[in-house]
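# Descriptive analysis of the structure
One letter stands for each residue in the lines below.
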Amino acid sequence: MQVLRFSNASFERDGNQILTNFTWEVSSDQRWVILGSNGAGKTSVLELASGWEKPSSGQVVVLGDDVSTTDSDEIRPRVGLASAGMAKRIPATETVEDAVVTAAYAAAERRGEQFDEIDVRRARRVLAEWRLDALAHRTCGSLSEGEGKRLQIARSIMTDPELLLLDEPSAGLDLGSREELLHMLGYFAGNASAPAIVMVTHHVEEIPVGFTHALLMRDGELVAAGPIASTLTNENLSQTFGVNVTVASQAGRYSATAAL
């Protein structure tokens, strides 16, 4: 089943062209990684896919709804989004458990209201799945970078979304924390009940095992898109990043080197 479709979509912000005639489709059983250099338009693709932005021209359809004509409040609860921007909306004093439960109420913080017990139970289950249950009563501001990244993912799946969008979920992590997170993402992606996933990253080394497709972007345009093994080629990656790239794979993980 198709969950996301871009049809000749263009996007401008403050007079700057971010995306140009962008066409792409995602099905419910696919796990996509989006690769490209800074300014390629990757985050803007997620903003359109989550209903936070609307295309300047063309069409973006999310879960059957056209984002240009549908109230965004009808789209956003069905889409999970984990990003640095979303993380900044959560107060440092909020507890980890409350930060996850409030996602069910489309809120960034608890304001004295009572939560339904069913939501609290689900939040605790999600926290356990992402190895955060022992930190439930800690404040968000006290978490390590890796713990904070896992918290954002836990929040994004709290509402059982039909589409999960991850914007650089392992950026800034040390090697151990990165590998722990990628292992957990790969396990989650391999679950048949998991939603369609789209993850933005700068590095092929950050692609979890089990991701099925890759989209490569440069200057707001699509370079290549398709099954991951046939898309992550030396030629495609060299065109994407503007340097001569050699890519290798081993046991479902990728690495790349560049000759300047």
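Remember, it's a predicted structure, so these values are computed and weren't measured experimentally. (Residues numbered from 1 in each chain as written. Predicted model: local features only at pLDDT ≥ 70, side-chain atom pairs only at ≥ 80, totals over all residues. Heavy atoms only, no water.)

## Digging into unusual backbone geometry
The phi dihedral of arginine 131 falls on the positive side, at around 55°, and the residue is not glycine. One can find arginine 131 in the loop between helix H5 (117–129) and helix H6 (145–157). Its identity is not glycine, yet aspartate 160 carries a phi of approximately 55°, on the positive side. Mapped onto the fold, aspartate 160 is located in the loop between H6 and strand E7 (163–167). Overall, the relative accessible area of 57% leaves aspartate 160 in the exposed class. (Helix = DSSP H or I, 4+ residues; strand = E, 2+ residues; numbered from the N terminus. Buried < 20%, exposed > 50% of the residue type's maximum accessible area, 1.4 Å probe, protein only.)

## Here we look at the sheet that holds strand E5 (residues 65–66)
One open sheet accounts for 4 strands, arranged E2-E1-E4-E5; its pairing is antiparallel. Lying at the two open borders of the sheet, with one neighbouring strand each, are strand E2 (16–27) and E5. As paired elements, strand E1 (residues 2–13) and strand E4 (residues 57–62) share 5 bridges and run antiparallel to each other. Following the sheet pairing, serine 7 is matched in E4 by glutamine 59. Where helix H1 (residues 42–49) meets the sheet, it contacts E1, E2 and E4, and its direction lies at approximately 120° from that of E1. (Pairing = 2+ DSSP bridges. Contact = heavy atoms within 4.5 Å. Axes fitted to C-alpha atoms, helices over the stretch in contact; angles between N-to-C directions.)

## Some remarks on the nonpolar core
Residues Trp130 and Leu232 are the most contacted members of the largest nonpolar core, which totals 49 residues. Of the residues forming this core, the biggest block, 6 residues, is contributed by helix H7 (residues 175–189). Setting aside chain neighbours within four positions, we find leucine 232 in contact with Leu35, Ile207, Ala214, Leu216, Leu237, Val247 and Tyr254. Within the second largest apolar cluster, 32 residues are counted, among which are Ala9, Ile18, Val67 and Ala196. (Core = buried A, V, L, I, M, F, W, Y, C linked by side-chain atoms within 4.5 Å.)

## Observations regarding the packing of H6 against H7
For the pair H6 and H7, interaxial distance at closest approach is 9 Å and the crossing angle is 20°. For the element pair H6 / H7, the angle class is roughly parallel. Classified by chirality, the crossing of H7 by H6 is right-handed. Residues Gly146, Lys149, Arg150, Ile153 and Ile157 of H6 pack against Ser177, Glu180, Leu181, Met184, Leu185 and Phe188 of H7. Along the lines of polarity and charge, the residues of the contact of H6 with H7 split into 6 nonpolar, 2 polar and 3 charged. (Parallel < 35°, antiparallel > 145°, perpendicular 65-115°, else oblique. Left-handed = near helix turned anticlockwise from the far one by under 90°. Nonpolar A, V, L, I, M, F, W, Y, C, P; charged D, E, K, R; others polar.)

## Focus on the packing of aromatic side chains
Under the defined criterion, the tally for this structure stands at 5 aromatic pairs. Ring geometry for phenylalanine 6 and tryptophan 24: centres 5.8 Å apart, planes at 40°, overall tilted. Within this pair, whereas phenylalanine 6 is found in strand E1, its partner tryptophan 24 is found in strand E2, the two being separated by 18 residues in sequence. Residue phenylalanine 6 shares its accessibility class with tryptophan 24, and that shared class is buried. Here tryptophan 24 falls in the buried class, since its relative accessible area comes to 5%. Grouped by ring-pair contacts, the aromatic residues Phe6, Phe22, Trp24 and Trp32 constitute a single cluster. Note that arginine 76 overlies the ring of tryptophan 52, its terminal NZ or CZ placed 3.6 Å from the centroid. The ring of tryptophan 52 is capped by arginine 89, whose NZ or CZ atom sits 4.6 Å from the centre of that ring. (Phe/Tyr/Trp six-rings, centres within 6.5 Å; stacked < 30°, edge-to-face > 60°. Lys NZ or Arg CZ within 6 Å of the ring centre and 35° of its normal.)

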